[in-house]
Amino acid sequence: MEMTEMTGVSLKRGALVVEDNDSGVPVEETKKQKLSECSLTEGQDGLQNDFLSISEDVPGPPDTVSTGKGGKNSEAQLEDEEEEEEDGLSEECEEEESESFADMMKHGLTEADVGITKFVSSHQGFSGILKERYSDFVVHEIGKDGRISHLNDLSIPVDEEDPSEDIFTVLTAEEKQRLEELQLFKNKETSVAIEVIEDTKEKRTVIHQAIKSLFPGLETKTEDREGKKYIVAYHAAGKKALANPRKHSWPKSRGSYCHFVLYKENKDTMDAINVLSKYLRVKPNIFSYMGTKDKRAITVQEIAVLKITAQRLAHLNKCLMNFKLGNFSYQKNPLKLGELQGNHFTVVLRNITGTDDQVQQAMNSLKEIGFINYYGMQRFGTTAVPTYQVGRAILQNSWTEVMDLILKPRSGAEKGYLVKCREEWAKTKDPTAALRKLPVKRCVEGQLLRGLSKYGMKNIVSAFGIIPRNNRLMYIHSYQSYVWNNMVSKRIEDYGLKPVPGDLILKGVQEAYREMLTADNLDIDNMRHKIRDYSLSGAYRKIIIRPQNVSWEVVAYDDPKIPLFNTDVDNLEGKPPPVFASEGKYRALKMDFSLPPSTYATMAIREVLKMDTSIKNQTQLNTTWLR
């Protein structure tokens, strides 16, 4: 598929292009993870205990620190946790929803707050609800070969090297728990012995295969004890074995990476990988992918994993809800971030008010003119303290302000324990006391407080460094995005869509950049930071994006809860596509289009509707309609 865009209109910005996807309004019911047929012990189901809220919309690693004096907050434990953070784990919780989300969002950001103010088309806008259901927003990845990823084959490649399916049932739940505790060094045992009840060579072989396949890092041997046969499991190579699957167990003729298509619902890519890694008992860093995908959506993308068989991956389809794995193949190489050509979107805008002529004009304009390539609202967080303010303080070397911005009380989408944590911080400025208010510590606030407990209040730079690098850089990127949005709005206001001197070099428009950065106590001629990670390099970003493969239709419906198109899983299950009447209580616009990486579908939809796509605005539309 050829990805063409309007050329000749570009603008320099102070940021590297990184791929982001759209996130939407979290106001829909969530489904629980299915536990049947799964071999996780209590507390490891990947949802109930391991996904915790991240108020800054920043993913963070696992963290179970207790910071009471004389407790487990030792240097050694902190070092272990920091080592875990290198894996880049990203986990998010399913919080209680006692307070109306609409009420919480009354202090949220609007588009104008982050520089999104202009349109390029002349058609009349109309109202519509974006992501009223997460299933109204479907993303299919476009690979580097131009093919759109679809989940359409659940078969397992035939491989004589694979063990039998009995490996998934031969061990009891109690045996699996003991093996898992051994594998994860959770007790003082150096081995686990499993008695072979019905002793045959075939039975022993299956037990050996089950332990080695399901618990990477463990080796096995057979021992005779008092006339009985036992399979003894023990560690092969220390703690690092968990992250490095056993080399000798993988056929040399088979590619080292199993590539598969991941279909997921209402969970972002890193959360999904964390769940898969927990069920497979491996480190998340053996997975690779080309781009991260939205949470509040149905997404389909290619994933690669090192030396995990298609058989084991396919077994997860029996264990997990809202996930489906398929289209398996063995390849020599992993996937690399950024290798994709883009994403194909299928979006439903419900309860639209526009006439058929208005819709036709809007969609023709999107197809022929395109939309302003703004960074979308999810780039800036959901609370009254936008992430770009933290990024600006980092660039200014104002570390006390960085600390206060992250930890101080604020209005917006906040839940109980974070409110209590912030109140404690405001009252005492005691990181240990504030940390105790968090039931878990892996959110950004918890990570920073843990860093302050370790390094002290006079070393905020090191304390902030506890937060994983990608999450720290997110604040910088947010500020860069804020500058870009404001500059592109001014550039379009002053010059329209014609190319002008200064689009590609700091000339003409440069005074606007200089004025904005000077107002923020920054020097555009010297963005080198004394901490190397925070030094900014420049890059180019297109002002206008023209979507490809644009199509649309207006459909009528009566029930706001029914899906308005089939997903890949629906098609696999043989469900017939929905049939629409000529008239109905509501009308919806179903649209399809393809975008290159690092562009926001919500900004394309904004150009169609001519309305604010912020969570604040969309939540008000949702709650008004559903009231």
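What counts as what
Residues numbered from 1 in each chain as written. Predicted model: local features only at pLDDT ≥ 70, side-chain atom pairs only at ≥ 80, totals over all residues. Heavy atoms only, no water. Phe/Tyr/Trp six-rings, centres within 6.5 Å; stacked < 30°, edge-to-face > 60°. Buried < 20%, exposed > 50% of the residue type's maximum accessible area, 1.4 Å probe, protein only. Lys NZ or Arg CZ within 6 Å of the ring centre and 35° of its normal. Helix = DSSP H or I, 4+ residues; strand = E, 2+ residues; numbered from the N terminus. Expected span 1.5 Å × (residues − 1). Pairing = 2+ DSSP bridges. Core = buried A, V, L, I, M, F, W, Y, C linked by side-chain atoms within 4.5 Å.

A. Main features of the packing of aromatic side chains. Applying the stated criterion to the full structure yields 12 aromatic pairs. Plain terms: the ring middles of Phe380 and Tyr388 are 6.4 Å apart, the flat faces sit at 80° to each other, and that makes the pair edge-to-face. Residue Phe380 shares its accessibility class with Tyr388, and that shared class is buried. The rings of Phe380, Tyr388, Tyr479 and Tyr482 are connected pair by pair, giving a single aromatic cluster. Here Lys221 stacks its cationic end above the ring of Tyr234, 5.4 Å away from the centre of that ring. Sitting over the ring of Phe119, Lys610 keeps its end group 5.6 Å from the ring centre.

B. Here's a closer look at helix H14 (residues 469–495). An ideal rise of 1.5 Å per residue puts 39 Å on 27 residues; H14 measures up with 38 Å between its terminal C-alpha atoms. Within H14, 20 of the 27 residues are buried, which leaves it mostly tucked inside the rest of the structure. In the stretch just after H14, Gly496 is the one whose phi turns positive, near 70°.

C. Structural detail: the pairing of strand S16 (residues 586–595). Counting buried positions along S16 gives nine out of 10 residues, so the element sits mostly inside the fold. Looking at chain direction, strand S11 (residues 342–350) and S16 are connected through seven bridges and run antiparallel. Bridged to Asn343 within S16 is Leu595. As paired elements, strand S15 (residues 548–557) and S16 share eight bridges and run antiparallel to each other. Counterpart to Val554 in the pairing with S16 is Leu589.

D. Spotlight on the nonpolar core. Judged by nonpolar contacts, the single largest core of 87 residues is most densely connected at Phe464 and Met591. Tallying contributions element by element places H14 first for this core, with 11 residues. Core analysis: the next-biggest nonpolar cluster, separate from the first, contains 28 residues, Trp250, Phe260, Val305 and Ala314 among them.

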